[in-house]
Amino acid sequence: MLDLSKPQARPQEFIKPAVNCLVSYVLEMLTAIDIQQLQPTFAHLPADPYLEGGYRFRRLSHFKVEGDRLVQQPHRRFFQGKQVNPLLGDVVREYAELEDELVQQEAFQRMVWEFYQFCQICSPHREIGVHQIRTIASPQKQGNPAPEGIHRDGVDLVGIFAVDRHHIRGAETHLYLNQQDRQPIFSKVLHPGELLVFKDDQYLHYTSPIKATGYGQGTRDVFVLTCPGLFPPEE
């Protein structure tokens, strides 16, 4: 149970202002968050068992905001319908919870709190799904942060918080107004400390593959936050 009652002042640099949640997206640089606290925790992620190729690693936990407290919820499985995820839709997936050491970090709590500020405006839900994801690439094989292609997640609000990029090129994040668009309305490589927030029913999104820039392994580390989480129908 985390106390979020006294967040510090927000010194973030707004790159695109949020007019309101229906007509805009927001890209912030969260300078108050010490991403160096977060970076080492990505080395402990288990492989995503639902994808071939061994290039993605993942954990998932759910949290609910109750007043000024962030309360981690009991373990739940993850589910998206085929209409939003053509690759893994209608598959009930299960991922390990975020590590306790990470959840207790001030940097992690600040990140969730920043995203929740948008949830208060754009969603009636007070539950947040937090996916911790590492994508890797080697000189022989690229990694794919979005193997399902241009898609929606099936939630009210999505946030992507970049934590680290190491020896890679690519991973450009795009937003589209509809499936037929060839030209995105937003395109940017997200750098460590940047948070992109957008309304899922307004924008489809996609992140391009990553390629290693050297002889060794390259990595891309992000948190993907959703409001609300996504569960199997029976749950």
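Along each chain, numbering runs from 1 in the same order as the chain's sequence is written. Where local features are concerned, this predicted model is filtered to residues with pLDDT of at least 70; where side-chain atom pairs are given and counted, the filter is 80 or more; whole-chain, interface and lining totals use all residues. Hydrogens and water molecules were not included; the side-chain quantities draw on all heavy atoms of the structure.

Trainee: Would you explain the nonpolar core in this entry?
Mentor: Taken as a class, soluble globular proteins show a tendency for nonpolar side chains to be buried jointly. By nonpolar core is meant a set of buried Ala, Val, Leu, Ile, Met, Phe, Trp, Tyr and Cys residues that side-chain atoms within 4.5 Å join together. Partly exposed residues are those whose accessible area sits between 20% and 50% of the maximum for their type, while under 20% is buried and over 50% is exposed, using a 1.4 Å probe and protein chains only. Counting 33 residues, the largest nonpolar core has Leu38, Phe108, Met111, Val130, Phe161, Phe223 and Leu225 as the members making the most contacts within it. For the purposes of this entry, the term helix denotes a DSSP run of H or I that reaches at least four residues, the term strand denotes a run of E that reaches at least two, and both are numbered from the N terminus. Counting only elements with at least two residues in this core, the list comes to helix H1 (35–38), strand E4 (56–66), helix H2 (100–103), helix H3 (106–122), strand E6 (127–137), strand E7 (157–166), strand E11 (194–199) and strand E14 (218–227). Looking at this core element by element, the count peaks at 10 residues for H3. Setting aside its immediate chain neighbours within four residues, Val130 contacts Arg59, Leu60, Ser61, Phe63, Leu98, Phe108, Met111, Val112, Phe223, Val224 and Leu225. Core analysis: the next-biggest nonpolar cluster, separate from the first, contains 19 residues, Leu27, Leu60, Ala162 and Leu190 among them. The contact definition used throughout considers only heavy atoms, calling two residues in contact when any of these lie within 4.5 Å.

Trainee: Just checking my understanding: could you explain empty space enclosed by the protein for this structure?
Mentor: The method works on a 1 Å grid over the protein atoms by themselves. A cavity is a set of points holding a 1.4 Å probe that cannot get out, a pocket is an open set with protein on both sides within 12 Å along at least five of seven lines, and residues with an atom within 4 Å of a point line them. Grid points are joined across faces, edges and corners, and a volume is the space filled by probe spheres set on the points. Tallied over the entire structure, the rule returns 2 cavities of 30 Å³ or more. Lining the largest cavity are 26 residues, and of these Ile133, Pro145, Glu148, His151 and Val224 lie nearest its centre. Listing elements by their share of the lining of the largest cavity, those giving two or more residues are E4, E6, strand E12 (204–207) and E14. It is E14 that provides the largest number of residues to the lining of the largest cavity, a total of 4 residues.

Trainee: I would appreciate a short explanation of the packing of aromatic side chains in the present structure.
Mentor: Any aromatic ring pair is given by two values, namely how distant the centres are and how the planes are angled relative to each other. Two rings from Phe, Tyr or Trp (for Trp, the six-membered ring) form a pair when their centres are within 6.5 Å of each other. A pair whose planes differ by under 30 degrees is stacked, one over 60 is edge-to-face, and the rest are tilted. This structure, assessed with the given rule, holds 8 aromatic pairs. Ring geometry for Tyr25 and Phe186: centres 5.1 Å apart, planes at 65°, overall edge-to-face. Of the two residues, Tyr25 sits in the loop between strand E2 (13–16) and strand E3 (26–29) while Phe186 sits in strand E10 (residues 186–189), which places them 161 residues apart along the sequence. Cluster of aromatic residues (ring-pair linked, three or more members): Phe42, Phe63, Phe108 and Phe223.

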